[in-house]
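Structure assessment
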Amino acid sequence: MTVDHKQGVDTNESSSVSSEKIVDDSQSDVLRAAGIGIQEDDPTEPVLTLRMWLLGIAFCLVASGLNTLYTLRVPSITISASVVLLLTYPLGKLWEKEHILIYIMSNLSIYVRLGADVLTEQEMFYGLKTGWGFKILITMGTFLTGFCLAGLFRSVVVIPTELIWPGVLSTTSLTTTLHHVGRGDQFASTWKISRYAFFSVVFCLSFCWYWLPDFLFPALGYFTFPCWINPKSKIVNQIFGMKTGMGLLPLTFDWSQISYVGSPLLIPSWAIVNVFIGLVFWIWIVAVACYYTNVWFSGYLPFQSSSIYDNTGGKYKVAKVVSAATNYKLDVEKYLAYSPVYMPIVYSLNSFGLSFATLSSLLVWVILEKRHVLASAARNLPKLLTQSWKRDTSEERTDSADVPMWWYLIASILAFFMTIFAVEWWETELRWYGVLLAWAVALVFFGPLALVYGSSSLKIKIDIFCRIVAGFVFEGKVLANIWFFDLGYISTIKGLWFAEDMKLAQYCNIPPRSLFLVQCVGMIAGTLSSASVLTWALGHIEGACTSDALNGFSCPFSRTHFNTSLIWGAIGPRRYFRSQVGYSALLYFFIIGAVLPIPVFLLKRRYPNSLWRRVHIPLFLGGLNYLPPATGTNYGSWALVGLAFGWGLRRKVYGWWFKYNFVLSAALDSSVSIAGVVIFFAIFYSGASKGFSWWGMEVHKNTCDWNGCAHLDVPEGGTFGV
């Protein structure tokens, strides 16, 4: 498995490493450390074999079904693609296989979860049952939309060598390790243990360890010992708390907490620094100042939470203002008599203010720093279309040829037909022009989002923007809101994943047309599996999507989407921003985001070799998009671990980092994923955990942080605010 020479990797690189090499931040080193470019490609090796199709389709069906099923459950379980990569290895060794293509097809199983959440929201919370036809068409339509976005933009976000897509490096490292390729023996000063043996040892140790924070001793994951010592102190719990606090003590012994936003071992150090500075400035300084000065009445609420609240400090009772009796439209009189919506300071500042700033900064950043790339791609588009058509119709066409652009254009037309037919035929309130608008949003933002993700492996969200746009255009129509969100945002996220798989295939010299076929088959298999399992689960699991659901199948993600769509679909952005609470001030963040990239761009041009070249405004503003429900502890521990390995160890012990860093990431991620599934079925699902309780399972819960204590007490009248 190797990357083409055009990727800039010298396969004859000398084994010696100079002192300059040790501190060099070249992409060539990163790629070779991840197992890319260490073995010559064999173009005669077959890839679309019977064994690949059988294993790929089988694992795609099983993983898609399980991931769809467990997206309905709390706690949720993910059958990650790295798990599939591991499980297919021993099976495939009995029948030599094409490992990466099986991985790519099975990786589609991760994509189905977001779409399944929206379908569940519509059916179980809004009561609109649309049947098999709608589920298959809308799921396949969003699949194809994301697939086409990746294909149409591949010359900008996949082919360029400067975009290495760090998220694939763990996969390439694990694959080369399993196949005993690239042992890193050129570094005589580092450990002698092979990468395969190192992976095996770390995997076993991590698998065993995860039983402690996941089941036996959960407090190790929530290691906020100052809160344990003084559980009733509001200040202590707000400062050091990990659930609703600031997380100023980023200490945890749970890899799933550290890697909550992605493995820190894969993220470039410059990206981690940008995000960490954003955490310090926006959350630990700005948000803290706003909280303790009671901006937007946030002092009466927890410092952070993903819930919304009323003027009593309790969770907002949406059923009081929106219900099935009103066809899920806002009862204005009841809304005015009840309460405006109040949000914790971190929720309002990050999920709204910084989201707005990120959107405008992305557009300005692209214009300033990437305009030549996009302009060149636009100029070459007619040439690409004509050349691809000529190559495809010529007698010299081979399977190794690139995928013609018109293939993706035809797929786009098919996706467009599927989505419009689905929303119009089944009357989901989102009209055909809503589909066009959602596609326009995806087209505008996919390129910038992919450029950021392809260089840093960090996603920037545009979900709130989609919700607000739909709230203005389809005011009072909650179903239109959820499907605009699905087509405008979820399709974009799927497009990022498709593009990442395209980059992986490019690294591994997989013929583009073979990849195109595999991804198409995977989409069909994933759609059918997801729709089948979802239909069965919602119809056969006792109490599904209720608080009394069997074995925790309460549909937590769909419930969260339900609350969000009610706010933006029923209450709507006009009422939200006109509220006397003062949230209209968040709109100024659009200006902040548009202005900040300009001085940074000028400073980069003035001082091209200074640290300003590492400043990335979209990441500084939008890198905290998992916050909440992630906390300062998640981001703080993630940053510390990432910098310790990506900057500290890489400078001090380059040979060790080169040989083991990405293998370590793969071992930790896959062991935790498999351990989580084993623990769930062996302990929780079987009922073996009932009655088991001790101090280490409860101490972190008996705190002010866990209970969400507010800084200020509600006044004697029982309400606060306006």
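Presented here is a report on the structure given in the accompanying data block. (Residues numbered from 1 in each chain as written. Predicted model: local features only at pLDDT ≥ 70, side-chain atom pairs only at ≥ 80, totals over all residues. Heavy atoms only, no water.)

1. Some remarks on the nonpolar core
As a rule of thumb, soluble globular proteins bury nonpolar side chains together. In terms of nonpolar packing, the biggest core is built from 170 residues, with Val 157, Ile 283, Phe 303, Phe 352, Leu 430, Tyr 635 and Trp 638 touching the most fellow members. Considering each element in turn, this core owes the most residues, 19 residues, to helix α21 (residues 478–507). Residues contacting Tyr 635, with those up to four places away along its chain left out, are Val 261, Val 275, Leu 279, Gly 623, Leu 624, Asn 625, Tyr 626, Leu 627 and Ala 630. Tyr 210, Ile 258, Val 641 and Val 672 belong to the second largest nonpolar core, which has 24 residues in total. (Core = buried A, V, L, I, M, F, W, Y, C linked by side-chain atoms within 4.5 Å. Buried < 20%, exposed > 50% of the residue type's maximum accessible area, 1.4 Å probe, protein only. Helix = DSSP H or I, 4+ residues; strand = E, 2+ residues; numbered from the N terminus. Contact = heavy atoms within 4.5 Å.)

2. So, a nonpolar patch on the surface
Judged by side-chain polarity, Trp 432, Tyr 433, Leu 436, Leu 437, Phe 472 and Val 473 come together as a nonpolar surface patch covering roughly 530 Å² of accessible area. Of all elements in the fold, only α19 (432–456) and α20 (463–473) reach the threshold of two or more residues within the nonpolar patch. Sort the elements by how many residues they give to the nonpolar patch and α19 lands first, with four residues. Position of Phe 472 among the secondary structure elements: in helix α20. (Patch = residues over 30% accessible without salt bridge, like charges linked within 9 Å, V, L, I, M, F, W, Y side chains within 5 Å. Areas by Shrake-Rupley, 256 points an atom, 1.4 Å probe, with all protein chains shown as cover. Salt bridge = Lys/Arg side-chain N within 4 Å of Asp/Glu carboxyl O.)

3. Here we look at unusual backbone geometry
Of note in this structure, Asn 294 is not a glycine but carries a positive phi near 65°. Here Asn 294 lies in the loop between α14 (269–292) and α15 (332–338). Positive phi is not limited to glycine here, since Phe 297 has a value of about 60°. Tracing the sequence through the fold places Phe 297 in the loop between α14 and α15.

4. Here we look at the state of the cysteines
Counted by the stated rule, this structure contains one disulfide. Bridging Cys 704 to Cys 709, the disulfide has an S-S length of 2.0 Å. Taking the torsion about the S-S bond as the criterion, the Cys 704 to Cys 709 disulfide, at about -135°, is left-handed. Cys 204 carries a free sulfur, and the closest cysteine sulfur to it, the one in Cys 208, is 6.7 Å from it. (Disulfide = S-S within 2.5 Å.)

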